[in-house]
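Coordinate inspection notes
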Amino acid sequence: MANELRFKTARDLFMACPAVSRDMVALPTEQPSIEFCRALLAGRVPEEAITFCAYLLPERAAVWWAHECLSHLAVLLDSRDQELLAVVRDWVSEPESRHHRPEVSEAAAPPTTPAAWIALAAGRHGNGSAMEAPALSAFPPAARAVSAGVLAGLARVALEDRFSVLSAFVEMGIHLAETEALRQSADAN
C-alpha cells in the first residue's frame, strides 16, 4: 500500500512541499510516509503528525479529513464554526460549484477559529479557488491552514483526552491517505 501513496517517503513529501519544513521541526527521512507519520505520533512533538497528514493528503481530501476531525469535536465548537463546517461539507461534495465559491470566500477570512481555518483551506483549493490569486498569496498554503484548523480544534480538548484524540485524528488521516492511494490507483487502471 505505501508504494501507492502520493509521497512514498517522508523525504519525497518534504522535497515536493518545501513549506512543510517551515511547519515542522522533524527532519525528513527515507522512511515510508506512513511509518514516518506514526513515528512522529510516538515522538516528542506528536502534533507534528497532524501537520504531516495535512501535507500528505491531496488538498480536497485534507479539507475533508479536517472537516471530519472537527466534526468529532462538535460539542467544543460554537454555532459559527458549526455553520462553517456545513459550508466546508457542501464545498467538498461539489468543489467546482459556483454556488459554494462565495460561501467559502466569505467564510475564509479572517481565519480565527478552527473551522475558519478549514474554510480557508477549501477556499485555496486548486482550480475551483474561491479567492483571486492576489488574495491567495496573503494566506498560508492549504495544508498549513488544514493543520492550523485541526490543531486549533485539538487545543480545545481536555488535556487528559488530548493524546487519544490526536492519535485518532492521525489514524483517520493515514486511513484516508491509504484510501486515496487505492482510489487513484484504480482510476489509473
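Here's a quick rundown of the structure.

Cut-off values and rules
- Residues numbered from 1 in each chain as written.
- Predicted model: local features only at pLDDT ≥ 70, side-chain atom pairs only at ≥ 80, totals over all residues.
- Heavy atoms only, no water.
- Helix = DSSP H or I, 4+ residues; strand = E, 2+ residues; numbered from the N terminus.
- Contact = heavy atoms within 4.5 Å.
- Expected span 1.5 Å × (residues − 1).
- Buried < 20%, exposed > 50% of the residue type's maximum accessible area, 1.4 Å probe, protein only.
- Arc of directions from axis to C-beta.
- Polar contact = N/O pair within 3.5 Å; in protein donor to acceptor, adjacent residues only side chain to side chain.
- Phe/Tyr/Trp six-rings, centres within 6.5 Å; stacked < 30°, edge-to-face > 60°.

Take A54: it is sitting in helix α4 (residues 48–56). Sequence-wise, A54 and S147 are 93 residues apart; in three dimensions their C-alpha atoms are separated by 5.7 Å. Excluding residues within four positions of it along the chain, A54 makes contact with A62, W65, A143, V146 and S147.

On to helix α6 (residues 79–93), then. An ideal rise of 1.5 Å per residue puts 21 Å on 15 residues; α6 measures up with 21 Å between its terminal C-alpha atoms. Of the positions making up α6, those classed as buried are D81, L84, L85, V87, V88, W91 and V92. Seen along its axis, α6 keeps its buried residues to an arc of 160°; they face one direction. Seen from the open side of α6, the exposed residues pointing more than 90 degrees away from its buried face are S79 and S93. Two or three places before R80, at the start of α6, stands the capping residue D78, its side-chain oxygen 3.2 Å from that residue's backbone nitrogen.

Looking now at the packing of aromatic side chains. Taken as a whole, this structure holds two aromatic pairs when the rule is applied. An aromatic cluster is defined as three or more aromatic residues linked by ring pairs; in this entry it consists of F14, F36 and F52.

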